[in-house]
Amino acid sequence: TLSYHIAVAIENIRLYTENRKIEEKMRRADRLASLGTLAAGMAHEIKNPLVSLKTFTQLLPERYRDREFREDFSKLAGQEVDRINNLVERLLNFARPVEPEFRLLDLGEVMDDTLLLLRNKIADQKITVRKDFTDRYLELEGDREKLKQVFLNIIINALDSMREEGVLTIDGRMIRNHNSGEIGVHRGLDWKLHRLYSRDRVMVKISDTGEGIDPRDLPYLFDPFFTTKDTGAGLGLAIAHNIIEEHGGITDVESVVGRGTTFTITLPLKEEGKRQKEKGKMGSREWGVGSSPEGAKQSTEVKRLLRSVAS
Ligand SMILES: Nc1ncnc2c1ncn2[C@@H]1O[C@H](COP(=O)(O)OP(=O)(O)OP(=O)(O)O)[C@@H](O)[C@H]1O
Ligand SMILES: [Mg+2]
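Keep in mind that what you see is a predicted model, and the values were worked out from it rather than measured.

1. Let's talk about the pattern of salt bridges
This structure, assessed with the given rule, holds 15 salt bridges. For the salt bridge of D112 with K131, the shortest nitrogen-to-oxygen distance reads 2.9 Å. Of the two residues, D112 is situated in helix α3 (residues 107-117) and K131 in strand β2 (residues 128-133); the sequence distance between them amounts to 19 residues. Here K131 falls in the partly exposed class, since its relative accessible area comes to 35%. For R216, the salt bridge goes to D214, with nearest N and O atoms at 2.8 Å. Among the residues examined, D214 registers a relative accessible area of 28% and is labelled partly exposed. Shared partners join several salt bridges into a network, and the residues in it are E109, D113 and R144.

This is the structure:
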């Protein structure tokens, strides 16, 4: 009967709202839990450049006439400030992420933009790139800049793991409903996984022929500040993971030491009905929320933070 259907619909809405609330809560808890780690790591990372800045500053009055010292000072001070600035910027983004701006986008295009940015590094290392986006349009609702950041972080890691003449394989495809994929290490809620896997989705695999990852490291990969690199901050994957979560997707990694690593990103595709309806609006790329002055706001915030850290 009609009233039965209405009751079911209402129940569905209630369940949906409840799920969203739980999801939001979990996400907040997740973020709070990592805040402690975050603070500790941040203090450590910022202290080193600050110590060298302080040493230089203390020496400045007596060594002022020493031209070499002055040149070293200005070069080093600049570098160290850049280092702190970069770190704080990434941390802020991690701890208090800028609201994503969801727009309809083509994931293949985002990938092309990313590869363009890395063109020189790829050429320098003589890396072969095999890119195959089987479906011409992998259309989804997402934040272009943030997704670019995800691809950047993952591909830079892949390039780092390969010395010379490695192969970077990038494969993007659409997966229809109920086509279960392989799940390796992932973070996120199981019911969320289930929800994602029961609808049309995009799967992007990024594989390298690099050194691989020690199985003992796998559980920590996405933790902020987990790094095995001398100069790494250990933030790349933590940030990438957060962004994928914001998009309702999951990140998955498989690796064989000495053979290479594959990162798989699965994102929900725009639903068919909506996809058709919004086709017309696509052309201008104006669809979605208007642009915000978030960028400007953030850099003043960074400046303020830097000032308080340095004082
Ligand atoms: N493709 C890969 N091959 C081998 N190891 C990897 C790969 N991707 C990530 N890792 C390992 O995971 C660690 C964490 O990666 P993540 O990108 O979070 O930090 P990072 O690269 O060390 O520093 P950052 O990205 O902040 O500059 C790396 O230090 C590395 O040990
Ligand atoms: Mg990295």
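2. Observations regarding the site of ligand 1
Close to ligand 1 lie 20 residues, the nearest being N157, D208, T227, T228 and K229. Here T228 contributes a side-chain N or O atom positioned 2.4 Å from an oxygen atom of ligand 1. K229 is positioned such that a nitrogen or oxygen atom in its side chain is 2.7 Å from an oxygen atom of ligand 1. Relative to its unbound accessible area of 590 Å², ligand 1 is 91% covered by the protein chains. Counting residues per element, the ones that place at least two in the shell around ligand 1 are α5 (144-161), α7 (236-246) and β8 (260-268). Ranked by the residues each element gives to the shell around ligand 1, the list is headed by α5, at three residues. Residues that form the shell around ligand 1 fall into these classes: eight nonpolar, nine polar and three charged.

3. So, the packing of aromatic side chains
Tallied over the entire structure, the rule returns five aromatic pairs. Arranged with centres 5.5 Å apart and planes meeting at 35 degrees, the rings of F56 and F69 form a pair that is tilted. Pair noted here: F56 is in helix α1 (residues 2-63) and F69 is in helix α2 (residues 67-95), with a separation of 13 residues, a long-range link. Relative accessible area serves as the criterion here: at 6%, F69 is assigned to the buried category. With a centroid separation of 6.1 Å and an interplanar angle of 35 degrees, the aromatic rings of Y220 and F226 are classed as tilted. A connected cluster of aromatic rings, assembled from ring pairs, spans F56, F69 and F73. Seen from the ring of Y64, R70 lies directly overhead, with NZ or CZ sitting 5.6 Å from the centre.

4. What about α7?
Counting buried residues along α7, ten of its eleven residues qualify, which places the element largely inside the surrounding structure. Here α7 has its buried residues at G236, L237, A238, I239, A240, H241, I243, I244, E245 and E246. With its phi angle positive at about 75 degrees, G248 sits one or two positions after the end of α7.

5. With respect to the pairing of strand β4 (residues 167-175)
In terms of strand pairing, β2 meets β4 through six bridges, oriented parallel. Residue pairing in the sheet places V129 in a bridge with L168 of β4. In this structure, β4 lies alongside strand β6 (residues 201-208), joined through seven bridges in antiparallel fashion. Across the sheet, residue G172 finds its bridge partner in β6, namely V204.

6. Side note on the confidence of the model for the chain
Chain-level statistics for the chain give a pLDDT mean of 77 and a share of 73% at 70 or above. Mean pLDDT across the elements of the chain ranges from a minimum in strand β5 (residues 185-186), with 43, to a maximum in β8, with 95. Low pLDDT, under 50, characterises residues 179-189; the predicted model gives this stretch 27 contacts beyond four residues in sequence or across chains. pLDDT under 50 marks residues 275-299. Its contacts with residues more than four places away, or in other chains, come to 38 contacts.

Cut-off values and rules
Residues numbered from 1 in each chain as written. Chains lettered and ligands numbered in written order. Predicted model: local features only at pLDDT ≥ 70, side-chain atom pairs only at ≥ 80, totals over all residues. Heavy atoms only, no water. Salt bridge = Lys/Arg side-chain N within 4 Å of Asp/Glu carboxyl O. Helix = DSSP H or I, 4+ residues; strand = E, 2+ residues; numbered from the N terminus. Buried < 20%, exposed > 50% of the residue type's maximum accessible area, 1.4 Å probe, protein only. Near = heavy atom within 4 Å. Polar contact = N/O pair within 3.5 Å; in protein donor to acceptor, adjacent residues only side chain to side chain. Areas by Shrake-Rupley, 256 points an atom, 1.4 Å probe, with all protein chains shown as cover. Nonpolar A, V, L, I, M, F, W, Y, C, P; charged D, E, K, R; others polar. Phe/Tyr/Trp six-rings, centres within 6.5 Å; stacked < 30°, edge-to-face > 60°. Lys NZ or Arg CZ within 6 Å of the ring centre and 35° of its normal. Pairing = 2+ DSSP bridges. pLDDT = per-residue confidence, 0-100. Contact = heavy atoms within 4.5 Å.

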